[in-house]
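Inside the fold
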Amino acid sequence: MNIVTLLPFIVLIGAMFLMTRSAKNKQRQAAQMRDQLQPGTGIRTIGGMYATVKEVHDDTLLLEVAPGVHAIYAKNSVGAVLDDAEYNRIVHGIESEHDDDAPVVPDDASSLTEAEGDDDRRVDMTKGDAADETGAAGAADADASRPEDADAKPEDRKGSGNDDAK
């Protein structure tokens with residue numbers, strides 16, 4: 001056999017070896033993380049629930065999901081072990097000390113779209129009496145500006161499509 005014909009099979013076997021090796025490493029790290037759990041540790045389950053570990057058993061954990069509310073979960077359901085600062089920030093809303101050099105990200109996009117001196121001018125997007133009056137005056141001006149209708153009386157002018165149907 002020629003080496004050129006065997007090359008695709010060798011590459012395929014090598015890729016499969018690398019993929020299984022990577023998956024095994026991830027499984028090993030997850031198992032190691034679960035084995036190092038201790039009471040008092042904050043975790044996130046694979047379902048996205050945040051809880052505190054109360055007791056560690058062989059295959060299960062006793063979690064406190066809310067003050068005074070306990071639930072038993074399998075160790076395999078642990079998605080991530082969180083450090084204390086991150087757990088307190090997410091669950092209790094306690095912000096840790098942060099750098100003054102770090103950029104401040106606003107909670108909403110309104111501060112990103114407004115200019116410095118643009119606070120006084122606001123656009124009113126609601127329908128109101130002022131908008132109705134301006135719309136009626138604008139329509140009358142548009143009708144009077146047509147040369148063929150300039151001499152016509154208001155009764156002679158064509159109305160809306162509903163009037164023509166009568």
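Conventions we followed
- Position numbers for residues start from 1 in each chain and track the written sequence from start to end.
- Confidence filtering applies because this is a predicted model: local features only for residues at pLDDT of at least 70, side-chain atom pairs given and counted only at 80 or more, and all residues used for totals across whole chains, interfaces and linings.
- Values shown for side chains rest on all heavy atoms present in the structure; no hydrogens or waters enter the calculation.
- By the criteria applied, helices consist of DSSP H or I runs no shorter than four residues and strands consist of E runs no shorter than two, each listed in order from the N terminus.
- Accessibility here uses a 1.4 Å probe with only protein chains present; expressed as a share of the type maximum, an area under 20% marks a residue as buried, one over 50% as exposed, and anything in between as partly exposed.
- Contact definition: two residues touch when any of their heavy atoms are within 4.5 Å.
- In these tables, accessible area is a Shrake-Rupley quantity obtained with a 1.4 Å probe, and a residue counts as shielded only by the protein chains included in the view.
- For two strands to be treated as a pair, DSSP must find at least two bridges joining them.
- Exposure above 30% relative accessible area and the absence of a salt bridge qualify a residue for a patch, where like charges join within 9 Å and nonpolar side chains (Val, Leu, Ile, Met, Phe, Trp, Tyr) within 5 Å.
- Only one rule defines a salt bridge in this text: a Lys or Arg side-chain nitrogen within 4 Å of an Asp or Glu carboxyl oxygen.
- Each axis is a line fitted through C-alpha atoms, and for a helix only the stretch in contact is used; angles between axes span 0 to 180 degrees, taken between their N-to-C directions.
- Remark: nonpolar core denotes a set of buried residues (Ala, Val, Leu, Ile, Met, Phe, Trp, Tyr, Cys) joined through side-chain atoms within 4.5 Å.
- The charge count includes Lys and Arg as positive and Asp and Glu as negative, but it does not include His or the ends of the chains.
- Polar contacts, as used here, are pairs of N or O atoms within 3.5 Å; protein pairs need one atom able to donate a hydrogen and one able to accept it. Residues neighboring in sequence count only if both atoms are side-chain atoms.
- The predictor's confidence in any single residue is recorded as pLDDT, a number from 0 to 100.

1. With respect to the overall build of the chain
When its secondary structure is counted, the chain shows five helices and five strands. Its helices and strands in sequence order give the chain the pattern α-β-β-β-β-β-α-α-α-α, from N to C terminus. In the chain, buried positions account for 12% of the 166 residues. When contacts within the chain are restricted to residue pairs at least 6 apart in sequence, those whose partners lie at least 24 apart make up 37%. Here the chain has roughly 13900 Å² of accessible surface; of this, 54% comes from carbon and sulfur atoms.

2. Some remarks on the pairing of strand E2 (residues 50–56)
On a regular strand, each side chain points to the face opposite its neighbour's, so the side chains alternate between the two faces of the sheet. Here strand E1 (residues 42–45) runs beside E2; their pairing, made up of three bridges, is antiparallel. Counterpart to Arg44 in the pairing with E2 is Tyr50. Linking E1 back to E2 in an antiparallel pair, the connection comprises four residues, with Gly48 at a positive phi of about 95°. Pairing geometry for E2 and strand E3 (residues 60–66), over four bridges, is antiparallel.

3. A look at a nonpolar patch on the surface
On the surface, a nonpolar cluster with roughly 510 Å² of combined accessible area is contributed by Ile3, Val4, Leu6, Phe9 and Ile10. Classification of Ile3 by relative accessible area gives exposed; the value is 57%.

4. Regarding the sheet that holds E3
Ordered in space as E4-E3-E2-E1-E5, the five strands form an open sheet in which the pairing is antiparallel. Among the strands making up the open sheet, the edge pair consists of strand E4 (69–74) and strand E5 (78–82). Going across the sheet, the axis of each strand differs from the next one's by a mean of 45°, ignoring polarity. Here E1 runs beside E5; their pairing, made up of four bridges, is antiparallel.

5. Examining the nonpolar core
Across soluble globular proteins, you tend to see nonpolar side chains buried next to one another. Residues Leu37, Ile43, Ala51, Val53, Leu61, Leu63 and Val78 constitute the largest nonpolar core, which totals seven residues. Only E2 and E3 provide two or more residues apiece to this core. What Leu37 contacts, discounting residues up to four positions off in sequence, is Ile43, Val56, Leu61, Val78 and Val81.

6. Focus on the pattern of salt bridges
For the structure shown, the criterion picks out one salt bridge. Note that Lys54 and Glu64 form a salt bridge whose closest N and O atoms lie 3.1 Å from each other. Of this pair, Lys54 sits in strand E2 while Glu64 sits in strand E3, placing them ten residues apart in sequence.

7. A word on the side chain of Lys75
Within the element layout of this structure, Lys75 appears in the loop between E4 and E5. Buried charge without a partner: Lys75 forms no salt bridge, and the closest opposite charge is Asp35, 4.2 Å away. Separated by 3.3 Å, the side chain of Lys75 and the backbone oxygen of His57 make a polar contact. Here Asp58 takes part through its backbone oxygen, which lies 3.4 Å from a polar atom of the side chain of Lys75. When residues no more than four places from it in sequence are discounted, the contact partners of Lys75 are Arg34, Asp35, Val56, His57, Asp58, Asp59, Thr60 and Leu61.

8. Side note on the environment of Lys54
What makes Lys54 partly exposed here is its relative accessible area of 35%. Sequence separation of Lys54 and Pro39 is 15 residues, and the distance between their C-alpha atoms is 4.8 Å.

9. Side note on the confidence of the model for the chain
For the chain, per-residue confidence averages 76 on the pLDDT scale, and 64% of positions sit at 70 or higher. Averaged pLDDT values for the elements of the chain fall to 54 in helix H4 (residues 129–144) and rise to 94 in E4.

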